[in-house]
Amino acid sequence: MKIPATRVIACLAAVLLAAACAGTPAGPGGRAPADAVAAADRGAEFGIGLPFGMNSLDPHRPISTADSIWMRPLYDSLLTLADGPDGVELAPQLATSHKISEDGLSVTFELRGDVAFQDGTRFDAEAVAANMERARGPDSTVSSLLESLERVEVADPAHVVFHLSHPDPGLLWSLADSSAGMMISPAAFDTDLRTRPAGSGPYELVSAAKDGDVVYERWDGHWDPDAALAEKQTITTMLDANARYNAVRSGRLDAAFFQGPPHDSMSKSLESQGFHWEQALSPISYGVFLNTGLAPLDDVRVRRAVHLAIDRPKVAHALRDINPPAYQPFNKGYLGFDPALDKNPYDPDAARALLRRADAEGASVTLVQYTTPPFDLIAEIVQQSLTDIGLKVELSPLSPTEGLPNWRKGDTQAQVGSLLAFADPSQTLNGTYLGVDDPGPADPALKKMAEEAQRLPAGSTEREQAYRKISAYLVENPVHVPIVQFSSVVLARPDVVGSADLVVQDIGKLDLRGVGVTKND
């Protein structure tokens, strides 16, 4: 089980001490494991099933964070994530190394010199500068992740310097963990990248259907010949978990992703038959998005009542104890987690009292319910919990593919979904609690605390305490309500190689590089 812990903080601290926190490529961070390279049949096809579909293939304009799954075969990033000896760590990709200035206000990247985009355009420092300008532009949906980036200096073709408005340890993690660090051919900026990608990745796009199959074929011009171990890859949207499970067992699919009962737990039993079962616990939580701009949830007392109304261990048990309870915005193993807050706040009597004081007894709330596990089950439990304290809750079913786009319109009261979170808490706050996933007015006190914490030195006691203070504040003054920790489970057939590197941190970081199937005897 992969649970990032001290390595995350230690790596960030090393960065601000001007260490090159790049390390040796491992798994998806660079080359495939040697045994996978030797065993893979390079003429084979690999297929994986997911419970949701692709929205956009434009790295700077994703509609959902999960869109990066479909982008990753097509695009390389400056940095990526890899499993290290103590958890998830930063790893090189297009940038072979990086160095932070002593004051934390600049980052110098050394770039690979053997890279071209699939359209023939050269990758160099000018391309990086152009990409960062586009990623920070008005039409970008990742610009909030690059808030600290003030300007990009092209030192020479192989070196580029990011100048920051303030020290920001989270920036490197944003470049590695999201699509913000993916490089697009500047020659294609004026084309429709949502459906016509233009990257330098190991695969070319063959065809794409939003809620169907997205098919890739190996691109022989890629700088890493071991990144694409299969000649063809297919990512299939298959909403029904039972269908995905049976497809892997029968061999129709080589692997499948599960995020809810019973298939995430029951699939583990197939290990005895040689199947691979991989799990990663994530900084993400399943929870309830609350729109602070719409009544009755514009009253913090009502949001606090929602927080108190839900019995997290009960939900975890309903999910077969695969997903640990989440009582605060930053999960265990990640900066900002406070052990003092790690306790069940369930108190329906106190929740009813808060509703009475807010004059919200009997208030109506529409709760969007995704139509796939575990969202459907969690939504039903939340509905009953909120009904028990005196709210009138109506479920509104919706496809998970449309979940975040629907939420970000700002006209939905509440929605059960994935509260997106990242290795560094500044990313989590800027995106989920103060950014695109908070359609209501920003909490001024939270915003001030977040800005102050982001500027504190990485690895410092002051920074850790600042984020613990923010965690305590969000427990008392909820924006959203975490319920259980996100668990990524991938089931793969016995002949799959490289499956241990499929999931590094969460489903958003599902990476098909270095994954293939064995040769037939």
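J.: How should the overall build of the protein chain be read in this particular structure?
T.: Of the regular secondary structure elements, the protein chain holds 15 helices and 18 strands. Taking 2.2 N^0.38 as the reference for a compact globule, 521 residues should give roughly 24 Å; the C-alpha atoms of the protein chain span a radius of gyration of 22 Å, in line with that estimate. Dimensions of the protein chain along its principal axes, counting C-alpha atoms only, are 65 × 55 × 40 Å. Across the 521 residues in the protein chain, those meeting the buried criterion constitute 61%. When contacts within the protein chain are restricted to residue pairs at least 6 apart in sequence, those whose partners lie at least 24 apart make up 72%. Working note: accessible area of the protein chain is about 18,500 Å², and carbon and sulfur atoms make up 49% of it. Placing the 45 positive and 69 negative side-chain charges of the protein chain at their respective mean positions leaves the two points 3 Å apart.

J.: I tried to follow the pattern of salt bridges on my own but got confused; where do I start?
T.: Two side chains bearing opposite charge may form a pair once their charged atoms approach each other closely. In the structure shown here, the tally under the stated rule is 16 salt bridges. Lys 268 is the partner of Glu 271 in a salt bridge, and the nearest nitrogen-oxygen pair spans 3.1 Å. By relative accessible area, which is 40% here, Lys 268 ends up partly exposed. One network of salt bridges, with partners in common, ties together Asp 338, Glu 464 and Arg 468.

J.: Please explain the sheet that holds strand S13 (residues 364-370) as it appears in this structure.
T.: Reading across the sheet, the ten strands line up as S8-S9-S10-S1-S11-S16-S12-S15-S13-S14 and stay open at both edges, with mixed pairing between neighbours. This sheet does not close on itself; its edge strands, each paired only once, are strand S8 (203-208) and strand S14 (392-398). Taken pair by pair, the neighbouring strands of this sheet meet at an average axis angle of 25 degrees, ignoring direction. Here strand S1 (residues 45-50) runs beside strand S10 (residues 232-237); their pairing, made up of six bridges, is parallel. Considered in S10, the bridge of Gly 49 is made with Thr 236. Helix H6 (residues 241-250) contacts S1, strand S11 (255-258) and strand S16 (481-492) of the sheet and is inclined by roughly 150 degrees relative to S11.

J.: Would you take a moment to explain helix H14 (residues 444-454) for this structure?
T.: Residues spaced three or four apart along an α-helix point in a common direction, a consequence of the helix completing one turn every 3.6 residues. Buried within H14 we find Leu 446, Met 449, Ala 450, Ala 453 and Gln 454. Projected onto a plane normal to the axis of H14, the buried residues spread over an arc of 130 degrees and lie on a single side. For H14, exposure combined with an orientation more than 90 degrees from the buried face picks out Pro 444 and Lys 448. Contact partners of the buried residues in H14: helix H13 (425-433) and helix H15 (461-476).

J.: Whenever I open this one, empty space enclosed by the protein confuses me. Can you help?
T.: Gaps left between atoms show up when a probe the size of a water molecule is rolled over them. Taken as a whole and judged by the stated rule, the model has nine cavities of 30 Å³ or more. As a volume, the second largest cavity reaches approximately 250 Å³. Lining the second largest cavity are 19 residues; nearest its centre among them are Thr 65, Thr 141, Leu 145, Arg 408 and Phe 422. Contributing elements (two or more residues each) for the lining of the second largest cavity: helix H3 (67-71) and H13. Looking at the lining of the second largest cavity residue by residue, the class counts come to seven nonpolar, nine polar and three charged.

J.: Where do I start with the sheet that holds strand S6 (residues 149-156) in this structure?
T.: Two pairing modes exist for strands in a sheet, parallel and antiparallel, and in both the strands are linked by backbone hydrogen bonds. Ordered in space as S4-S5-S7-S6, the four strands form an open sheet in which the pairing is antiparallel. Pairing within the sheet leaves two strands with one partner each, and these edge strands are strand S4 (95-100) and S6. Direction aside, the axes of adjacent strands within the sheet are offset by 20 degrees on average. Bridging between S6 and strand S7 (residues 159-164) involves six bridges; their strand directions are antiparallel. Within the sheet, the bridge partner assigned to Asp 156 lies in S7 and is His 159. Sheet strands touched by helix H4 (residues 125-135): strand S5 (106-111), S6 and S7. Its angle to S6, the strand with the most contacts, is close to 165 degrees.

J.: Looking at this model, I keep getting lost on helix H11 (residues 375-388). Mind explaining?
T.: Look at H11: 20 Å from first C-alpha to last across 14 residues, which is about the 20 Å you get at 1.5 Å a residue. Where H11 is concerned, the buried positions are Phe 375, Ile 378, Ala 379, Ile 381, Val 382, Ser 385 and Leu 386. All buried residues of H11 project into a common sector of 165 degrees when viewed along the axis, lining one side. One or two positions beyond H11, positive phi appears at Gly 390, with a value near 115 degrees.

J.: Where do I start with the packing of H13 against H14 in this structure?
T.: In a packed pair of helices, the relevant descriptors are the angle between the two axes and the axis-to-axis distance. Where H13 meets H14, the closest approach of the two axes is 10 Å, and the angle between their N-to-C directions is 150 degrees. When the axis of H13 is compared with that of H14, the two are roughly antiparallel. Relative to H14, the crossing made by H13 is left-handed. When H13 is examined against H14, the residues Ser 426, Leu 429, Asn 430 and Tyr 433 are found in contact with a partner set consisting of Leu 446, Ala 450 and Gln 454.

J.: Please clarify how the layout of surface pockets should be interpreted in this entry.
T.: By volume, the largest pocket amounts to about 260 Å³. Taken together, Ser 144, Glu 147, His 166, Asn 430, Leu 434, Ala 442, Lys 447, Ala 450, Glu 451, Gln 454 and Arg 455 make up the lining of the largest pocket. The greatest single-element share of the lining of the largest pocket, amounting to four residues, is contributed by H14. In terms of residue class, the lining of the largest pocket is built from three nonpolar, four polar and four charged.

J.: I'm lost on a negative patch on the surface in this one. Help?
T.: Taken together, the side chains of Glu 45, Glu 204, Glu 217, Asp 220 and Glu 231 define an acidic patch exposed on the protein surface. Note that Glu 45 resides in strand S1. For Glu 45, a relative accessible area of 52% puts it in the exposed group.

J.: Looking at this structure, how should I read the side chain of Gln 93?
T.: Here Gln 93 is to be found in the loop between strand S3 (87-92) and S4. Among the polar contacts made by the side chain of Gln 93, one reaches the main-chain amide nitrogen of Ser 77 at a distance of 2.7 Å.

Quick notes on the rules
Residues numbered from 1 in each chain as written. Predicted model: local features only at pLDDT ≥ 70, side-chain atom pairs only at ≥ 80, totals over all residues. Heavy atoms only, no water. Helix = DSSP H or I, 4+ residues; strand = E, 2+ residues; numbered from the N terminus. Rg over C-alpha atoms; globule rule 2.2 N^0.38 Å. Buried < 20%, exposed > 50% of the residue type's maximum accessible area, 1.4 Å probe, protein only. Contact = heavy atoms within 4.5 Å. Areas by Shrake-Rupley, 256 points an atom, 1.4 Å probe, with all protein chains shown as cover. Lys, Arg positive; Asp, Glu negative; His and termini not counted. Charge placed at Lys NZ, Arg CZ, Asp CG, Glu CD. Salt bridge = Lys/Arg side-chain N within 4 Å of Asp/Glu carboxyl O. Pairing = 2+ DSSP bridges. Axes fitted to C-alpha atoms, helices over the stretch in contact; angles between N-to-C directions. Arc of directions from axis to C-beta. 1 Å grid on protein atoms, 1.4 Å probe; cavity = no way out; pocket = protein on both sides within 12 Å on 5 of 7 lines; lining within 4 Å. Points joined across faces, edges and corners; volume = space filled by probe spheres on them. Nonpolar A, V, L, I, M, F, W, Y, C, P; charged D, E, K, R; others polar. Expected span 1.5 Å × (residues − 1). Parallel < 35°, antiparallel > 145°, perpendicular 65-115°, else oblique. Left-handed = near helix turned anticlockwise from the far one by under 90°. Patch = residues over 30% accessible without salt bridge, like charges linked within 9 Å, V, L, I, M, F, W, Y side chains within 5 Å. Polar contact = N/O pair within 3.5 Å; in protein donor to acceptor, adjacent residues only side chain to side chain.

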